[in-house]
Amino acid sequence: MTKLGRLYSQLDGVHLPDNLPYSQVSSWELRFLYLLGRRHLTGRGRLVELGSGGGGSTYALALGLRHSPLFDERTGRLHAYDFFHVGKGTFATEKFFTSGAKPQDGNSFLDDFRARLEPFLPFLEIHAGDIWQTSDPADLSPIEFLHIDIAKTPRVFRCVTERFLTRLGPGSVVLHQDFAGPRLPWLHHSTGALLPYIEIAGPPIRSTLAFEVTRPIPEDVLRRIAEDDHTLDEKLALITAVQEQIDRDHTGGIPFRSVLELAKAYAAHHAGEHRRAWSLAKPLLSDEYLARTRADHFEQLRRAYEAERAATPRVSAVTRLRRLVGKR
């Protein structure tokens with residue numbers, strides 16, 4: 001069992017405050033974050049949360065750090081990155097505002113976030129805005145912990161790879177919070193590319209996959225991830241490699257092998273191969289979990305396939321016959 005894996009047995013014993021800030025992650029994931037802060041992390045390397053949202057996950061982690069005998073609040077720092085406002089392209093919800101709705105005079109919930117995290121502000125550094133602007137390309141300081149809940153687009157994931165994954169080393173802990181999201185296949189095939197250099201902690205904690213870096217990650221591996229330099233067939237093979245290591249989440253509720261199979265369809269979709277995407281997705285319509293929770297995903301892939309099919313010139317039967325005769 002991995003060091004991180006030992007935390008699973010302690011999840012049931014964690015009791016977080018009832019007034020925790022609103023979060024889009026499950027109580028299981030919040031408990032795991034608390035345990036990481038209390039039992040595992042030291043703060044000797046950078047502790048980074050990408051996508052802090054309303055502050056629930058930040059609060060759980062910071063509370064664990066406060067209760068930890070390993071973390072020194074005078075020198076350790078937790079870095080929180082987010083747009084901290086709602087609007088197109090931010091993937092934020094108005095529930096991140098204290099009132100539960102966006103005020104008329106602005107769309108930023110940064111002040112709400114600061115107020116909720118007030119107990120931890122002495123060791124919390126907040127980076128508000130576009131991550132390409134708020135992260136420093138010259139910062140090469142080692143990262144001990146990286147929570148990724150921001151990589152909703154290839155553009156953002158490239159920044160995550162170039163400016164954060166490159167700073168991981170043996171012992172670094174990574175959480176992919178959106179691992180149950182088939183529409184984000186770059187999370188899945190990049191993890192497949194990293195498998196020789198990491199150890200997965202155990203079953204995903206609901207939507208979160210946790211792993212620890214065990215070997216230095218070669219620069220070329222990270223470059224290919226950042227530049228999206230894998231063919232579609234390579235991406236599908238990398239996702240298959242991940243499927244061989246994980247099945248259901250630790251509660252038994254999310255069938256990850258099926259989820260990752262749908263992620264393969266989205267890898268083809270993003271590559272513009274909509275016929276192949278639908279051929280990968282269509283057999284999954286019989287999967288009870290996916291049919292119940294991802295109906296909109298299937299509809300998106302089906303529409304793209306039908307649009308491609310409608311745009312493809314049809315070859316008449318006479319033309320096909322002529323071609324066959326011509327080959328003789």
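The model shown is predicted, which means the values in this text are computed figures rather than measured ones.

Rules behind the numbers
Residues numbered from 1 in each chain as written. Predicted model: local features only at pLDDT ≥ 70, side-chain atom pairs only at ≥ 80, totals over all residues. Heavy atoms only, no water. Core = buried A, V, L, I, M, F, W, Y, C linked by side-chain atoms within 4.5 Å. Buried < 20%, exposed > 50% of the residue type's maximum accessible area, 1.4 Å probe, protein only. Helix = DSSP H or I, 4+ residues; strand = E, 2+ residues; numbered from the N terminus. Contact = heavy atoms within 4.5 Å. Polar contact = N/O pair within 3.5 Å; in protein donor to acceptor, adjacent residues only side chain to side chain.

Caption draft 1: Quick look at the nonpolar core. Judged by nonpolar contacts, the single largest core of 60 residues is most densely connected at Leu50 and Leu146. Sort the elements by how many residues they give to this core and helix H9 (residues 256-270) lands first, with eight residues. When sequence neighbours within four positions are dropped, the list of residues in contact with Leu50 reads Tyr81, Ile131, Leu146, His147, Ile148, Asp149, Ile150, Val160 and Phe164. In this structure, Leu20, Val25, Leu61 and Phe113 belong to the second largest nonpolar core, which totals 42 residues.

Caption draft 2: A look at the side chain of Ser135. Examined against the element boundaries, Ser135 turns out to sit in the loop between helix H4 (131-134) and strand E4 (143-148). With a relative accessible area of 6%, Ser135 lands in the buried category. At 2.5 Å, the side chain of Ser135 forms a polar contact with the backbone oxygen of Ile131. At a separation of 3.0 Å, a polar atom in the side chain of Ser135 contacts the side chain of Arg163. In this structure, Ser135 is in contact with Tyr81, Cys159, Arg163 and Phe164, ignoring residues within four places of it in sequence.

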